[in-house]
Amino acid sequence: LNGRKILLGGLAFLIVAFPMAYLRAETYETSATLLVFPPTFKGGAQSGDARNIAELMPRALPMELYRTLALSAPVLADVIERADLDTGVQGLRERLTVELVQMGGRTARDVQYAQALTLRARADDPQVAARIANAWALAFKVHVDAMSAREVTETFTLLERLHGRAKQELEEADAALAAHQAAWNLSLLEEQLAQRELQFTTIETRLKENAVELAAGRRKLEALREELAEEPEKNVFFRAPSDDVYWLLRSRGDAAGAPEGLRTEEPNPSFVLLRQSVVHAAEEIAGLEAGGSAMQQTLEKLETEMQTLSATYAEQSLIRNSLLRDLESLQTSYNMVREEYEKGRIADRTQASDIAIPGEAAPPERPASRGTTRTLLGAFVLGMLATAAFLAARDVSELTPAARARA
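Residues numbered from 1 in each chain as written. Predicted model: local features only at pLDDT ≥ 70, side-chain atom pairs only at ≥ 80, totals over all residues. Heavy atoms only, no water.

Draft legend 1. The arrangement of the overall build of the protein in detail. Each helix and strand in the protein was counted, giving 12 helices and 6 strands. When the 407 residues of the protein are sorted by exposure, 27% land in the buried category. When contacts within the protein are restricted to residue pairs at least 6 apart in sequence, long-range pairs at least 24 apart make up 81% of them. Working note: accessible area of the protein is about 26,700 Å², and carbon and sulfur atoms make up 55% of it. (Helix = DSSP H or I, 4+ residues; strand = E, 2+ residues; numbered from the N terminus. Buried < 20%, exposed > 50% of the residue type's maximum accessible area, 1.4 Å probe, protein only. Contact = heavy atoms within 4.5 Å. Areas by Shrake-Rupley, 256 points an atom, 1.4 Å probe, with all protein chains shown as cover.)

Now the structure itself:
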């Protein structure tokens, strides 16, 4: 019933929007293309040291993350400063668009993008639009490169700190081992211990031989003393008197009282020889006893020295082995850290940008489509909807309570 009125309402909105759509300022749009183009030793297939060095460098980010970074506040603030714009970050963000080139994928998970970004900038002046696009591309490249360089620098700084610490610990362990070697000559201690053991064994053998000789000497001395006790000290001989004695006694008439002979005593050679043998045997026994006592004292002294040397050698050998193990472990750790440190140093010196700018954005020759038809069509539809809503509300308000209930 009110179709004509609704149509007139849409035409009224269209007429009102017509001058606004055609009198709106023209907008120029230009774009700059960026390529995510990592160096060959980072993105391609490598082998050996090249791959190891590339592992220390930051990887290329997903394309969606690059789009987010391009519209981040720090990048846009840098664009405003580089392009000398009189606007804020939010106002500039409304004039910028980042486009990704989709390569395929039926679902959201399967979507893949080409390694390229299209940065679109809009402005009232073509030169300003080109300046914004170029400043935006440069600012984005600078920020991404700085982020990658910061990651590499942090990694290299950590490796440098680890390398310095590992080197210091290795030098300290080496110095401790050198000081121990200077203070304790384990080879000399081992040789001294071996010499003491050889001396102890030799003297112990001699002491056993001395004990055998002492026992034999004592038995010999006892036998000599027994023989000496049975042997008389002197030999007694009776010698007949001379013929003159007999003639003299006979001349006196006392021949019957002539003496039987003269008593003669001589030293017993056997007794003298046995006594000398006893004295000699006693001297030998005394010498053997003195020698045995001296050897026993020497053995006790050697045993004490061997115990001291053995304890010292065992203790210092344990310390030496511990120092050697620590040194070997630290040497292994240092070699590993040194290898990673060298890779990090090379990676720090061979930093390359992952972003490439093929060319600068050119000022557009024509303004971008203002969407006049779309604007007018939208105004016409909006007018019809508004008129229909107004008419419906009016008709409902004019109904009686009973009609409203039936309605």
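Past the structure itself, the notes keep going.
Draft legend 2. Spotlight on the packing of helix α4 (residues 63–70) against helix α7 (residues 126–183). Contact pair α4 / α7: the axes reach a minimum separation of 10 Å and the direction vectors enclose 115°. In terms of crossing hand, the pair formed by α4 and α7 is right-handed. Facing Y66, L69 and A70 of α4, the residues of α7 in contact are W136, F140, V144 and M147. (Axes fitted to C-alpha atoms, helices over the stretch in contact; angles between N-to-C directions. Left-handed = near helix turned anticlockwise from the far one by under 90°.)

Draft legend 3. Quick peek at α4. Regarding α4, the residues found buried are M63, Y66 and A70. Buried residues along α4 cover an arc of 50° about the axis, so they all sit on one side. (Arc of directions from axis to C-beta.)

Draft legend 4. Geometry of a nonpolar patch on the surface. A cluster of nonpolar residues, L7, L8 and L11, forms a patch on the protein surface that exposes about 260 Å² of accessible area. Mapping L7 onto the fold places it in helix α1 (residues 3–22). L7 sits in the partly exposed class, given a relative accessible area of 41%. (Patch = residues over 30% accessible without salt bridge, like charges linked within 9 Å, V, L, I, M, F, W, Y side chains within 5 Å. Salt bridge = Lys/Arg side-chain N within 4 Å of Asp/Glu carboxyl O.)

Draft legend 5. Seen up close, a negative patch on the surface. Taken together, the side chains of E209, E213, E283 and E284 make up a negatively charged region of the molecular surface. Those elements that provide at least two residues to the negative patch are α8 (186–230) and α10 (269–349). Residue placement: E284 occurs in helix α10. Take E284: its relative accessible area is 37%, and that puts it in the partly exposed class. (Lys, Arg positive; Asp, Glu negative; His and termini not counted. Charge placed at Lys NZ, Arg CZ, Asp CG, Glu CD.)

Draft legend 6. The arrangement of the nonpolar core in detail. Residues Y66, V79, L92, L117, I132, W136 and F140 are the most contacted members of the largest nonpolar core, which totals 31 residues. Within the residue set of this core, elements represented by two or more residues are β1 (28–36), α4, α5 (73–83), β2 (96–104), β3 (112–123) and α7. If sequence neighbours within four positions are ignored, W136 has contacts with A70, L71, V75, L76, V79, L96, T97, V98, L119 and R120. If you look at the next biggest cluster of nonpolar residues, it comprises 11 residues, including F200, I203, L207 and L309. (Core = buried A, V, L, I, M, F, W, Y, C linked by side-chain atoms within 4.5 Å.)

Draft legend 7. Structural view of the environment of I346. Note on placement: I346 falls in helix α10. For the pair I346 and F156, spaced 190 residues apart in the sequence, the C-alpha separation amounts to 9.4 Å.

Draft legend 8. The side chain of S317, seen in detail. Considering the arrangement of structural elements, one finds S317 in helix α10. Here Y313 takes part through its backbone oxygen, which lies 2.6 Å from a polar atom of the side chain of S317. (Polar contact = N/O pair within 3.5 Å; in protein donor to acceptor, adjacent residues only side chain to side chain.)

Draft legend 9. Spotlight on the packing of α5 against α7. It is at 8 Å that the axes of α5 and α7 come closest, and there the two elements cross at 130°. As far as their axial angle goes, α7 and α5 are oblique. In the packing of α5 onto α7, the handedness of the crossing is right-handed. Every residue of α7 that contacts α5 at P74, V75, L76, D78, V79, R82 and A83 is listed here: R131, I132, A135, W136, L138, A139, F140, V142 and H143. Its residues assigned to classes, the contact of α5 with α7 shows 12 nonpolar, 1 polar and 3 charged. (Parallel < 35°, antiparallel > 145°, perpendicular 65-115°, else oblique. Nonpolar A, V, L, I, M, F, W, Y, C, P; charged D, E, K, R; others polar.)

Interpretation in functional terms is not warranted from these geometric data alone.
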